[in-house]
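Spelled out from the first residue to the last, the chains are:
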Amino acid sequence: MSPVTEFLRPLVLFGPSGSGKSTLVGKLLAEFPDKFGFSVSHTTRSPRAGEEDGKAYHFVTREKFLSLVAEGAFIEHAEFSKNLYGTTFQAVRHVADTGRRCILDIDSQGVRNIKKTDLNPTYIFISPPSVAALRQRLLGRGTETEDSIETRLKASVTELQYAREPGVIDLVVVNDDVERAYGLFKKIALGETTEGDLMPELDS
Ligand SMILES: Nc1ncnc2c1ncn2[C@@H]1O[C@H](COP(=O)(O)OP(=O)(O)OP(=O)(O)O)[C@@H](O)[C@H]1O
């Protein structure tokens, strides 16, 4: 693979809610706005004022969305407040066509779906240093109820078990100190050869 083709392989980030995926991606996009990008999602919700079709979202009818689901066009899709949202394989490929590396923040089911395709991304697991730190960060973010934190912590066990299966991930980044974690994440994202962190035990 040429260095350019190698760089344009999508970058899949997964890891428990609160492990710091958005934080790390936010820093990367701020530092390198022209090198990386997100895919444009499909949605059945109506456009808000100023939202252009194909930019914020691909706005489609429910009927069209469901036909795309039937064709297997989506990496992942979900329903929120009666509207469907999803990421198509095509939208991810399109980012590479514009010369940027596509970043995908998805859960383990999305990873399983991508593994059935020829998209050939690099899989990075963003791990918290401990479950206690994860709980603390979810609390500190102030976006979750106590119930939602417990649900997210339970779901994190599934994500971790899957990440530990042989061959699932390429590299681990432990988000302990954010600047250290970002330094490693940046190297991987830019396609530099580097070793990842060791997967922490995370049993307590
Ligand atoms: N290394 C770090 N040390 C301390 N706090 C951190 C660190 N990294 C991120 N945080 C904080 O932890 C919280 C969770 O981080 P973030 O929202 O990036 O997680 P996420 O993995 O994107 O979660 P979700 O999957 O729910 O979107 C945020 O409030 C963030 O500011």
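Residues numbered from 1 in each chain as written. Predicted model: local features only at pLDDT ≥ 70, side-chain atom pairs only at ≥ 80, totals over all residues. Heavy atoms only, no water.

The name that an unreviewed UniProt entry assigns to the protein is Guanylate kinase, with the source organism given as Sistotremastrum niveocremeum HHB9708.

Asker: What exactly am I supposed to notice about the domain arrangement of the protein here?
Answerer: Its domain assignment divides the protein into domain 1 (1-35 + 100-204) and domain 2 (39-99). Of note, the centres of domain 1 and domain 2, computed from C-alpha atoms alone, are 23 Å apart. Facing 15 residues of domain 1, the contacting portion of domain 2 comprises eleven residues. Interface of domain 1 and domain 2: buried area, both sides summed, is about 1100 Å²; carbon and sulfur atoms make up 64% of it. A per-residue breakdown of the area domain 1 buries against domain 2 is headed by Arg 100, Cys 102 and Leu 119, which together make up 45% of the total. The interface formed by domain 1 and domain 2 holds one salt bridge in total. A salt bridge links Asp 118 to Arg 93, with the nearest nitrogen and oxygen atoms 2.7 Å apart. (Domains from an automatic or database assignment. Contact = heavy atoms within 4.5 Å. Buried area = accessible area lost by both parts, 1.4 Å probe. Salt bridge = Lys/Arg side-chain N within 4 Å of Asp/Glu carboxyl O.)

Asker: In this structure, what is going on with the site of the ligand? I would like to understand it.
Answerer: Every one of the 14 residues lining the ligand counts as a neighbour, but Ser 17, Ser 22, Thr 23, Arg 141 and Asn 175 are closest to it. A distance of 3.4 Å separates a nitrogen atom of the ligand from a polar atom in the backbone of Val 178. If you list the elements that add at least two residues to the shell around the ligand, you get α2 (21-31) and α6 (131-141). Element by element, the count of residues in the shell around the ligand is highest for α2, at three residues. When grouped by side-chain class, the residues that make up the shell around the ligand number two nonpolar, seven polar and five charged. (Near = heavy atom within 4 Å. Polar contact = N/O pair within 3.5 Å; in protein donor to acceptor, adjacent residues only side chain to side chain. Helix = DSSP H or I, 4+ residues; strand = E, 2+ residues; numbered from the N terminus. Nonpolar A, V, L, I, M, F, W, Y, C, P; charged D, E, K, R; others polar.)

Asker: How should the pairing of strand β5 (residues 74-80) be read in this particular structure?
Answerer: When a strand is regular, its side chains alternate between the sheet's two faces. Here β5 pairs with strand β6 (residues 83-88) via six bridges, running antiparallel. Counted as the bridge partner of Glu 79 is Leu 84 from β6. Turn length for the β5-β6 hairpin, with the two strands adjacent in sequence and antiparallel, is two residues, and the turn residue Ser 81 shows positive phi of about 35°. (Pairing = 2+ DSSP bridges.)

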